[in-house]
Protein chains: 8
Amino acid sequence: MNIYLSGEIHTDWRDQIVAGASGLDVVFNSPVTDHAASDDCGVAILGAEPDKFWHDHKGAKLNAIRTRAAIEAADVVVVRFGDKYKQWNAAFDAGYAAAKGKALIVMHGADHQHALKEVDAAALAVCETPQQVVDMLRYVLNGTLPS
Amino acid sequence: MNIYLSGEIHTDWRDQIVAGASGLDVVFNSPVTDHAASDDCGVAILGAEPDKFWHDHKGAKLNAIRTRAAIEAADVVVVRFGDKYKQWNAAFDAGYAAAKGKALIVMHGADHQHALKEVDAAALAVCETPQQVVDMLRYVLNGTLPS
Amino acid sequence: MNIYLSGEIHTDWRDQIVAGASGLDVVFNSPVTDHAASDDCGVAILGAEPDKFWHDHKGAKLNAIRTRAAIEAADVVVVRFGDKYKQWNAAFDAGYAAAKGKALIVMHGADHQHALKEVDAAALAVCETPQQVVDMLRYVLNGTLPS
Amino acid sequence: MNIYLSGEIHTDWRDQIVAGASGLDVVFNSPVTDHAASDDCGVAILGAEPDKFWHDHKGAKLNAIRTRAAIEAADVVVVRFGDKYKQWNAAFDAGYAAAKGKALIVMHGADHQHALKEVDAAALAVCETPQQVVDMLRYVLNGTLPS
Amino acid sequence: MNIYLSGEIHTDWRDQIVAGASGLDVVFNSPVTDHAASDDCGVAILGAEPDKFWHDHKGAKLNAIRTRAAIEAADVVVVRFGDKYKQWNAAFDAGYAAAKGKALIVMHGADHQHALKEVDAAALAVCETPQQVVDMLRYVLNGTLPS
Amino acid sequence: MNIYLSGEIHTDWRDQIVAGASGLDVVFNSPVTDHAASDDCGVAILGAEPDKFWHDHKGAKLNAIRTRAAIEAADVVVVRFGDKYKQWNAAFDAGYAAAKGKALIVMHGADHQHALKEVDAAALAVCETPQQVVDMLRYVLNGTLPS
Amino acid sequence: MNIYLSGEIHTDWRDQIVAGASGLDVVFNSPVTDHAASDDCGVAILGAEPDKFWHDHKGAKLNAIRTRAAIEAADVVVVRFGDKYKQWNAAFDAGYAAAKGKALIVMHGADHQHALKEVDAAALAVCETPQQVVDMLRYVLNGTLPS
Amino acid sequence: MNIYLSGEIHTDWRDQIVAGASGLDVVFNSPVTDHAASDDCGVAILGAEPDKFWHDHKGAKLNAIRTRAAIEAADVVVVRFGDKYKQWNAAFDAGYAAAKGKALIVMHGADHQHALKEVDAAALAVCETPQQVVDMLRYVLNGTLPS
């Protein structure tokens, strides 16, 4: 089963899921999580832009080559919203995945519940912790519940 | 041409676009913009929920009947990000529209430029004002530029 | 908005919805609700069958010309499960509609809640009465809640 | 060839098919057939719900992650209707599979013939026993008929 | 309801259906049924070809502009096989319609039953006469059976 | 029938087709054919760009709102290649239309035959004059050939 | 590259292609070519039918499980029309493959040219011999022409 | 990741990319780049044509078997426009890839910037050198930027 881990890149939630899912028949993909590389990839390869809009535009499109392919290939898209920042790209990915008919799992803290209600409404599961994602993947794949 | 106006519901940007586009061959749709009705529609019709999550869940899904149909029917989806709030539903709609191959126009102030770079990267136009949306619609439909 | 009313054919729930939705910008479709005609249409037009399986087969396929086209054309599919009978065709329609990405509303009494959990899980709304369907359609179309 | 075995979970029909198909180039998938785990998976991982509807809702959606992916991946969907229970999820799966253009095989006893006529009408084969499914798979793959 | 009448062009079966369906809410389309025009349209407009293959090729492609659009637009595709000729274009249209998920009605005499078994297997109805097509359309649209 | 007229914008071939098709049941669409407006629309509405690449980029994307919608809506896409310029947008439109399954008519002079062989290979008709397009539309719609 | 070999089953054309393509990176699939098994498979597994129509119907549908999956999986569909019989299933497969956007190669003798013009018009290549199919596959895969 | 290298065939840009991407998890495909074979493949295998149009037509269609399959299979389509020739097939491929939702990278010199603005507008990256393509692929796959 192919899992795409979208969203927040400032904590180690992806590592926790990958470690927890050790031994399961899953393949994980994610965006580039090196924040500086992700921001500057466009101009680093395709040439500098004096205007910040186009600087960002080149980078965002280059990153989209990776993220669109990964969402298309995914059976399950997990989107995590962290405590900080606007994280509109995470919500964009959730909408993109929903429109493609992907199984959507949303992970966020209770304080974001109301603001994320439309995103949660499109999900097959809403959770708070990486361990819950691991437990779900194990159940979905092997039918076993946490003891 | 069918236009869906998604996103921020606290200013009169939709009214400005509709007024400005008077005379053009366009049909506009939008989400329910009555904030209270939008929040409580689920429980008002389908029964109260003691848990806020399910209260919101029922409402968000009921609103989705309208918004999904409207995005599917749209040729152009305009998504406006205002100054306040998380507005994750706006970014979700943008991702949904992009995945469905809809022409996407994003409207936001300069201060949100970096945070919206992935959303902007999926758009065919990025603008700041309702007048620009009107000008684009007039050009797209009639081929005439603002004088 | 195009609404398909699928499922139970022994009570007047469709009439109640159509009457209640008077004045709304909706078009309703439904299967043939004349039970005898629905059962015998195949052999009546295409010739008798001594084997009940093929008798039913001819009829079910002929009815499918109507129901498939109606589901395809629908924005919203309402599926009602009544108190009696297996009603597997209703659940089949719900699955068909879900796979086609249609907005699904399921209507049933509380006693069927557990048995219909997979069907309800695919729905954007679960309700019990025709009045609730009318209220949802009015809200979805006009944004007004029942007073 | 990828085969999804949907429906009744109280007899060993899946085991019989898997055993009988030994040596054929097939991969079988199925829902979680541990009834208790299937009913409670949602709350076990995602937290308890006082309301039975949401208890079931969480579980049904979590199970849908597995079943939707399995139906999407399948070349053939076999749906068995047993003697007992409403089995609306089986009919839902059949409708879902039909809408996705999957080859559908329906298995049920003669007493359900009339009630399942719409489901049977969407199938490429209707049979009564696991052995018949095995014989069909062998024929479809190898072209050999039972002697 | 949009009906495409494909196949045999040497008898008046289309006229019989159109006349019989008078008063029903249907729109009929058909290929160009002027045999000489259909054969020579390509070279008549696009220039002569010394090689019969390309003469026919130009015409067949020009006719495809009409037939493909008509099948795409159709809810129901009726394909009639007459007594004579190979009629491979009729079987091609049936396959094309089946792959597009169109409701397929096949009309042919009993002597062609075995040769058409694969085509019939993809149909929702198999009949012999234009009157049966009319009766089916009336039933599908209005729910009334022939008296 | 909906016809999109793509490609060369320096001669009056569109006017000839529209005039010739007078009385036929067709709707014509085209790109904005005012060359200056088409080149500068992006910066005129969305703000000036010092870099020619982004100047053109904004314009090309704004024009794409019109052209993509028009190709999607079209039953037939006519692409004309004139004598001058690279006309890569015309070939791009042809590829786009082919991938969307649109009926493609290509119009060009004999001198471009070899260079356009891949584009012609995807077309249902290849012609040289507006009159031929009119003759094809009349035949496709009415079945009548030029006398 | 996945190749489906559809159509005539009375000569060894498939064997010639498979032998000729030895060493190429291709996988071949075909329908069941044992005529008797293909005709009787339905009743042999699913029970006898007194009516020849349903006898054939059961068999044709069972064969469709194999053929539909094979066409879906194919990159190239080769359809051969032999000298005898109606071969409507071959033309049906060609139409089905064309509608699915598969690359279509048609093989037939010169005497069938006119009758197959609509089928040929949907093909990317029309040929007469198995050797030509092998030569095309070698060219398509390796870029080498027959010496 | 599957990469299709479309367009100009007179320089060694493909070799440079393949060599530069050594060690990356990519599979490259390309059209037949032997110009003479590509031009004459149709008649070499399927028989001579006295008319150059059909000579080219046979070849272009045969090449399309390879190129369409390769674009369908690709995650990323790189299209290079060289200094010479019309290269309409390159622009056609770009349009085809865009319509199929493929990630598009366009490579061309600065002198073609204005003429390619519509093609560039559909791309996720526009570059000038094979090294830039290699750098992008490495970043997209491994997240590492050129040092």
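Residues numbered from 1 in each chain as written. Chains lettered and ligands numbered in written order. Predicted model: local features only at pLDDT ≥ 70, side-chain atom pairs only at ≥ 80, totals over all residues. Heavy atoms only, no water.

**What to know about the overall build of chain A**
- A count of helical and extended segments in chain A gives 6 helices and 5 strands.
- Each helix and strand of chain A, ordered N terminal to C terminal, gives the series β-α-β-α-α-β-α-β-α-β-α.
- Taken along its principal axes, the extent of the C-alpha atoms in chain A is 55 × 35 × 25 Å.
- Within chain A, the proportion of its 147 residues that are buried is 63%. (Helix = DSSP H or I, 4+ residues; strand = E, 2+ residues; numbered from the N terminus. Buried < 20%, exposed > 50% of the residue type's maximum accessible area, 1.4 Å probe, protein only.)

**Examining the sheet that holds strand E1 (residues 2-7) of chain E**
All names here are of chain E.
- Within the open sheet, the 5 strands sit side by side as E2-E1-E3-E4-E5. Their pairing is parallel. Looking at which strands have only one partner, the edges of the open sheet turn out to be strand E2 (27-29) and strand E5 (125-127). Strand-to-strand twist in this sheet, taken as the mean axis angle between neighbours without regard to direction, amounts to 20°.
- Where strand E4 (residues 103-107) lies against E5, 3 bridges are found, and the strand directions are parallel. Across the sheet, residue Ile105 finds its bridge partner in E5, namely Ala125. (Pairing = 2+ DSSP bridges. Axes fitted to C-alpha atoms, helices over the stretch in contact; angles between N-to-C directions.)

**Re the pattern of salt bridges**
- Across all of its chains, the model carries 56 salt bridges over all chains by this definition.
- As a salt-bridge pair, Glu72 of chain C and Lys100 of chain C come within 3.1 Å of each other at their nearest N and O atoms. With a gap of 28 residues between them, Glu72 of chain C in helix H3 (residues 52-73) and Lys100 of chain C in the loop between helix H4 (88-99) and strand E4 (103-107) connect regions that are remote in the sequence.
- Residue Lys100 of chain C is classed as partly exposed on the basis of its relative accessible area of 33%.
- The salt bridge partner of Asp135 of chain D is Arg138 of chain D, with a shortest N-O separation of 4.0 Å. Placement of both Asp135 of chain D and Arg138 of chain D in helix H6 (residues 130-142) is noted, with a separation of 3 residues, approximately one turn of the helix.
- With a relative accessible area of 28%, Arg138 of chain D lands in the partly exposed category.
- When salt bridges that share partners are traced, they join Asp39 of chain A together with Lys117 and Glu118 of chain B into one network. (Salt bridge = Lys/Arg side-chain N within 4 Å of Asp/Glu carboxyl O.)

**What to know about the interface of chain F and chain H**
- The interface is formed by 34 residues belonging to chain F together with 34 residues belonging to chain H.
- Between chain F and chain H, the buried area comes to about 3,200 Å², and carbon and sulfur atoms account for 66% of it.
- By the criterion of area lost to chain H, the three top residues of chain F are Lys86, Trp88 and Phe92 of chain F, representing 23% of everything that side buries.
- If you look at where chain F meets chain H, you find 2 salt bridges.
- The partner of Asp39 of chain H in a salt bridge is Lys117 of chain F, with the nearest N and O atoms 3.3 Å apart.
- At the junction of chain F and chain H, the tally comes to 14 residue pairs in polar contact (both at pLDDT 80 or more).
- Put simply, the parts of the chain that give the side of chain F that touches chain H at least two residues each are helix H3 (52-73), helix H4 (88-99) and helix H5 (117-121) of chain F. (Contact = heavy atoms within 4.5 Å. Buried area = accessible area lost by both parts, 1.4 Å probe. Polar contact = N/O pair within 3.5 Å; in protein donor to acceptor, adjacent residues only side chain to side chain.)

**Notes on the pairing of strand E3 (residues 76-80) of chain C**
Residue and element names in this part refer to chain C.
- Burial analysis of E3 places 5 of its 5 residues in the buried class, the great majority of the element.
- Where burial is concerned, the two faces of E3 agree: the one with Val76, Val78 and Arg80 and the one with Val77 and Val79 are both buried.
- Pairing between E3 and E4: 5 bridges, direction parallel. Paired with Val78 across the two strands is Ile105, which belongs to E4.
- Crossover E3 to E4 through H4 is right-handed. (Right-handed = clockwise from strand over helix to strand, strands pointing away.)

**Digging into the relation of the copies chain A and chain B**
- By a simple turn and slide, chain A fits onto chain B: the slide is 0.0 Å along the axis, the RMSD is 0.0 Å, and the turn is 180°. Both copies are brought into coincidence by an operation consistent with a two-fold rotation axis.
- Take the interface residues of chain A: 100% of them recur as interface residues in chain B, which is what a same-surface contact looks like. (Least-squares fit on C-alpha atoms with pLDDT ≥ 70 in both.)

**Section: the interface of chain A and chain B**
- At the junction of the two partners, chain A supplies 34 residues and chain B supplies 34 residues.
- Around 3,200 Å² of area is buried between chain A and chain B when both sides are counted, 66% of it from carbon and sulfur atoms.
- Among the residues of chain A in contact with chain B, Lys86, Trp88 and Phe92 of chain A are the three that bury the most area, contributing 23% of the side total.
- Inspection of the region where chain A meets chain B yields 2 salt bridges.
- There are 14 residue pairs in polar contact (both at pLDDT 80 or more) connecting chain A and chain B.
- Among the secondary structure elements, those contributing two or more residues to the side of chain A that touches chain B are helix H3 (52-73), helix H4 (88-99) and helix H5 (117-121) of chain A.

**Digging into the sheet that holds strand E2 (residues 27-29) of chain A**
Residue and element names in this part refer to chain A.
- The strand order E2-E1-E3-E4-E5 describes an open sheet built from 5 strands, whose pairing is parallel. Both edges of this open sheet fall to E2 and strand E5 (125-127), since each of them pairs with a single strand only. With strand direction ignored, the average angle separating the axes of adjacent strands in the sheet is 20°.

**Description of the packing of helix H2 (residues 35-46) of chain G against helix H3 (residues 52-73) of chain G**
Residue and element names in this part refer to chain G.
- In the contact formed by H2 and H3, the axes pass within 7 Å of each other and the chain directions differ by 100°. With respect to H3, the axis of H2 lies roughly perpendicular. Two secondary-structure elements touch here, H2 through Ser38, Asp39, Asp40, Cys41, Gly42, Val43, Ile45 and Leu46 and H3 through His55, Lys58, Gly59, Leu62 and Asn63.
- Broken down by class, the residue content of the contact of H2 with H3 amounts to 5 nonpolar, 5 polar and 3 charged. (Parallel < 35°, antiparallel > 145°, perpendicular 65-115°, else oblique. Nonpolar A, V, L, I, M, F, W, Y, C, P; charged D, E, K, R; others polar.)

**Observations regarding the packing of aromatic side chains**
- Tallied over the full model, the rule gives 28 aromatic pairs over all chains.
- Ring centres 4.8 Å apart and planes at 85° place the aromatic pair Phe53 of chain D and Trp54 of chain D in the edge-to-face group.
- For Phe53 of chain D, a relative accessible area of 19% puts it in the buried group.
- Relative to Phe81 of chain G, the ring of Trp88 of chain E has its centre 5.0 Å away and its plane inclined at 55°; by these criteria the two rings are tilted. Of the two residues, Trp88 of chain E is situated in helix H4 (residues 88-99) and Phe81 of chain G in the loop between strand E3 (76-80) and helix H4 (88-99); the pairing between them involves two chains.
- On the basis of relative accessible area, Trp88 of chain E is assigned to the buried category, the value being 0%.
- Exposure remark for Phe81 of chain G: the relative accessible area of 1% places this residue in the buried category.
- Here the aromatic cluster, defined as three or more aromatic residues joined through ring pairs, consists of Phe53 and Trp54 of chain A together with Phe53 and Trp54 of chain F. (Phe/Tyr/Trp six-rings, centres within 6.5 Å; stacked < 30°, edge-to-face > 60°.)

**Topic: the packing of helix H3 (residues 52-73) of chain B against helix H3 (residues 52-73) of chain D**
- Relative orientation of the contacting elements H3 of chain B and H3 of chain D amounts to 60°, with a least axis distance of 13 Å. Classed by the angle they form, the pair H3 of chain B and H3 of chain D counts as oblique. The handedness of the crossing between H3 of chain B and H3 of chain D is left-handed. Facing H3 of chain B, whose interface residues are Trp54, His57, Lys58 and Lys61 of chain B, H3 of chain D presents Trp54, His57, Lys58 and Lys61 of chain D.
- Classifying every residue of the contact of H3 of chain B with H3 of chain D by side-chain character gives 2 nonpolar, 2 polar and 4 charged. (Left-handed = near helix turned anticlockwise from the far one by under 90°.)

**Things to note about helix H1 (residues 13-20) of chain F**
Residue and element names in this part refer to chain F.
- What H1 keeps buried is the set Trp13, Arg14 and Ile17. Buried residues along H1 cover an arc of 100° about the axis, so they all sit on one side. Along H1, the residues that are exposed and aim more than 90 degrees away from the buried face are Asp15 and Ala19.
- Packed against the buried residues of H1 are strand E1 (2-7), strand E2 (27-29), strand E3 (76-80), strand E4 (103-107) and helix H6 (130-142). (Arc of directions from axis to C-beta.)

**Observations concerning the side chain of Asn63 of chain D**
- Looking at the element boundaries, Asn63 of chain D is found in helix H3.
- The class of Asn63 of chain D is buried, set by a relative accessible area of 11%.
- In terms of polar contacts, Asn63 of chain D uses its side chain to reach the backbone carbonyl oxygen of Ser38 of chain D, at 3.0 Å.
- Every residue in contact with Asn63 of chain D, bar those within four places of it in the chain, is listed here: Tyr139 of chain A together with Val32, Ser38 and Cys41 of chain D.

**Regarding unusual backbone geometry**
- Its identity is not glycine, yet Tyr85 of chain B carries a phi of approximately 70°, on the positive side.
- Following the sequence through the fold, Tyr85 of chain B ends up in the loop between strand E3 (76-80) and helix H4 (88-99).
- Note on Tyr85 of chain B: relative accessible area 52%, which makes it exposed.
- The phi dihedral of Gln87 of chain C falls on the positive side, at around 55°, and the residue is not glycine.
- Relative to the elements of secondary structure, Gln87 of chain C occurs in the loop between E3 and H4.
- Note on Gln87 of chain C: relative accessible area 9%, which makes it buried.

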